[in-house]
Amino acid sequence: MAAEGKVTGQSQEQFLLLAKAARGAALASLIHQVLEAPGIYVFGELLDMPAVRELADSEFSPVFRLLTIFAYGTYADYLAEAANLPPLTEAQKNKLRHLSVVTLAAKIKVGALFFPGFSSHWDYLVLVTIMFPQCIPYSVLLEQLQLKNVRQLEDLVIEAVYADVLRGSLDQRNQRLEVDYSIGRDIRREELSTITRTLQEWCQGCEVVLSGIEEQVSRANQHKEQQLALKQQIESEVANLKKTIKVTTAAAAAATSQDPEQHLTELREPAPGTNQRQASKKTSKAKGLRGSAKIWSKSN
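Per an unreviewed UniProt entry, the protein is named CSN7A protein, and its organism is Poecile atricapillus.

The structure is reproduced here in structure tokens:
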């Protein structure tokens, strides 16, 4: 594709150089060659040449009108004026049909962008930035391009894709052409003000969206700072609580601790009153034994 584009550019430059020196019938013949040359789909520079503009008021005005249709119009425009225009070769017909597909894709895209349901700048910009294919029904293409069947239409589209006029896919199931990319066509001078206004509106929409993004970023930063402050506060409280628990535990341990030697002495010595209880138990047992002995002797 790159090599083809380079050759096309060189061919266009050669035609422009030849057009500077040509006049009258020679220039009209040169224009027919340009319209038939493969790969040349932009004609603005040729139209801006003084010699070419002079054709509009000469006997070759139909050729000039044909050139303007190739620059700005469609195949349907040619058919509407075919009686007053030179006949087209098959190569010229296919080229004009390629350009007509580009125009249809652009119209569908613009129609979607300015859909009444999207009123705000935000919706407009979001819709612009979404990458979606422009879908053209086969029925529309067949009517606008005056083709007899789908086979001819698909062959024409494939030819346009190989010429790098557009990129897309043929959806045979849904009977439509999905256009992902198409070349730009020439622009009329009277359309420049509309384009400028559209670009200004787009820039305003970008500013509105940028302002909204900056506001969201500011809110996110504030929320982040609040969360960090809350995290630091919680960590500080947890650290203070750990210190308090540690100090309390150490104080309790200090209050209940004893001297090891004193603790051992208390374990060896019985508690007060323990010996008296043991002596009383022994005395009571001895008395019981004596009493039982007396009873046994009397019975004997």
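There is more to say, and it comes next.
(A) Geometry of the overall build of the protein. Of regular secondary structure, the protein possesses 13 helices and three strands. Relative to its 300 residues, the protein shows a buried fraction of 26%. Taking all contacts inside the protein whose residues are at least 6 apart in sequence as the whole, residues at least 24 apart take part in 62%.

(B) Here's a closer look at the packing of helix α2 (residues 24-36) against helix α5 (residues 61-72). Direction vectors running N to C along α2 and α5 enclose 25 degrees, while the axes themselves pass 10 Å from each other. Our classification of the angle between α2 and α5 gives roughly parallel. Once α2 is placed against α5, the crossing between them reads as left-handed. Contacts between α2 and α5 involve Ala28, Ile31, His32 and Leu35 from the former and Val63, Leu66, Leu67 and Phe70 from the latter. Looking at the contact of α2 with α5 residue by residue, the classes come out as seven nonpolar, one polar and no charged.

(C) A look at the nonpolar core. Counting residues in hydrophobic clusters, the biggest one holds 51 residues, and the most contacted among them are Leu27, Ile31, Phe43, Leu46 and Leu141. At seven residues, the largest contribution of residues to this core is made by α5. Structurally, this core is a two-domain feature, drawing no fewer than three residues from each of domain 1 (1-72) and domain 2 (90-186). Excluding residues within four positions of it along the chain, Leu46 makes contact with Leu16, Ala19, Ile31, Val34, Val52 and Leu67.

(D) Region of interest: the pairing of strand β1 (residues 134-137). With burial as the criterion, only one face of β1 is covered, namely that bearing Gln134 and Ile136; the residues Cys135 and Pro137 on the opposite face remain uncovered. Where β1 and strand β3 (residues 176-182) come together, four bridges link them in antiparallel fashion. Each residue of the ladder has a partner; that of Gln134, found in β3, is Val179.

(E) Structural view of the UniProt feature "coiled-coil region" (unreviewed entry) in the protein. Feature annotation in UniProt assigns "coiled-coil region" (unreviewed entry) to the following positions: residues 224-251. Across residues 224-251 one finds 100% helix and 0% strand; the C-alpha atoms that close the span lie 41 Å apart.

(F) View of the packing of aromatic side chains. Under the criterion given, the structure shown has two aromatic pairs. The interplanar angle of 85 degrees and the centroid separation of 6.1 Å between the aromatic rings of Phe43 and Phe70 together place this pair among those described as edge-to-face. Here Phe43, found in the loop between α2 and α3 (44-47), pairs with Phe70, found in helix α5; they are 27 residues apart in sequence, far enough to count as distant. When sorted by exposure, Phe43 lands in the same class as Phe70, which is buried.

(G) Main features of the packing of helix α9 (residues 138-145) against helix α10 (residues 150-162). Taken N-terminus to C-terminus, the directions of α9 and α10 make an angle of 85 degrees; their axes are 10 Å apart at the nearest point. The angle between α9 and α10 places the two elements in the roughly perpendicular class. Touching Tyr138, Leu141, Leu142 and Leu145 of α9 are Val150, Leu153, Glu154 and Leu156, all from α10. Of the residues in the contact of α9 with α10, the class split is seven nonpolar, no polar and one charged.

(H) Summary view of empty space enclosed by the protein. Counted under the stated rule, the structure contains one cavity of 30 Å³ or more. The calculated volume of the largest cavity comes to roughly 50 Å³. If you go around the largest cavity, the residues you meet are Gln12, Phe15, Leu16, Val34, Ile40, Val42, Phe43 and Leu46. With three residues, helix α1 (residues 2-21) is the single largest residue contributor to the lining of the largest cavity. Class assignment for the residues of the lining of the largest cavity results in seven nonpolar, one polar and no charged.

(I) Structural detail: the sheet that holds strand β2 (residues 166-171). If you trace the three strands from one edge of the open sheet to the other, you get β1-β3-β2, paired in antiparallel fashion. Only two strands of the sheet have a single neighbouring strand rather than two, namely β1 and β2. Pairs of neighbouring strands in the sheet enclose a mean axial angle of 25 degrees, with direction left out of account. The sheet contacts of α9 involve β1, β2 and β3, and relative to β1 the element is tilted by about 65 degrees. Contacts from α10 reach β2 and β3, with the element oriented near 150 degrees to β2.

(J) Representation of the state of the cysteines in the model. As enumerated under the stated definition, the model contains zero disulfides in all. Of all cysteine sulfurs in the structure, the one in Cys206 sits closest to Cys203, which takes part in no disulfide; the separation is 6.0 Å.

(K) Focus on the pattern of salt bridges. Applying the stated criterion to the full structure yields nine salt bridges. Two residues, Arg189 and Asp48, come together in a salt bridge whose shortest N-O distance is 3.5 Å. Of this pair, Arg189 sits in the loop between β3 and α11 (192-256) while Asp48 sits in the loop between α3 and α4 (50-54), placing them 141 residues apart in sequence. Classification of Arg189 by relative accessible area gives exposed; the value is 59%. The closest approach of N and O atoms between Asp155 and Arg151, which form a salt bridge, is 3.4 Å. Of the two residues, Asp155 and Arg151 are both situated in helix α10; the distance of four residues between them amounts to about one turn of the helix. Look at Arg151 and you get exposed, because its relative accessible area is 59%. Shared partners join several salt bridges into a network, and the residues in it are Asp48, Arg53 and Arg189.

The rules behind each value
- Residues numbered from 1 in each chain as written.
- Predicted model: local features only at pLDDT ≥ 70, side-chain atom pairs only at ≥ 80, totals over all residues.
- Heavy atoms only, no water.
- Helix = DSSP H or I, 4+ residues; strand = E, 2+ residues; numbered from the N terminus.
- Buried < 20%, exposed > 50% of the residue type's maximum accessible area, 1.4 Å probe, protein only.
- Contact = heavy atoms within 4.5 Å.
- Axes fitted to C-alpha atoms, helices over the stretch in contact; angles between N-to-C directions.
- Parallel < 35°, antiparallel > 145°, perpendicular 65-115°, else oblique.
- Left-handed = near helix turned anticlockwise from the far one by under 90°.
- Nonpolar A, V, L, I, M, F, W, Y, C, P; charged D, E, K, R; others polar.
- Core = buried A, V, L, I, M, F, W, Y, C linked by side-chain atoms within 4.5 Å.
- Domains from an automatic or database assignment.
- Pairing = 2+ DSSP bridges.
- UniProt positions renumbered as here; feature names shortened; annotations may be inferred.
- Phe/Tyr/Trp six-rings, centres within 6.5 Å; stacked < 30°, edge-to-face > 60°.
- 1 Å grid on protein atoms, 1.4 Å probe; cavity = no way out; pocket = protein on both sides within 12 Å on 5 of 7 lines; lining within 4 Å.
- Points joined across faces, edges and corners; volume = space filled by probe spheres on them.
- Disulfide = S-S within 2.5 Å.
- Salt bridge = Lys/Arg side-chain N within 4 Å of Asp/Glu carboxyl O.

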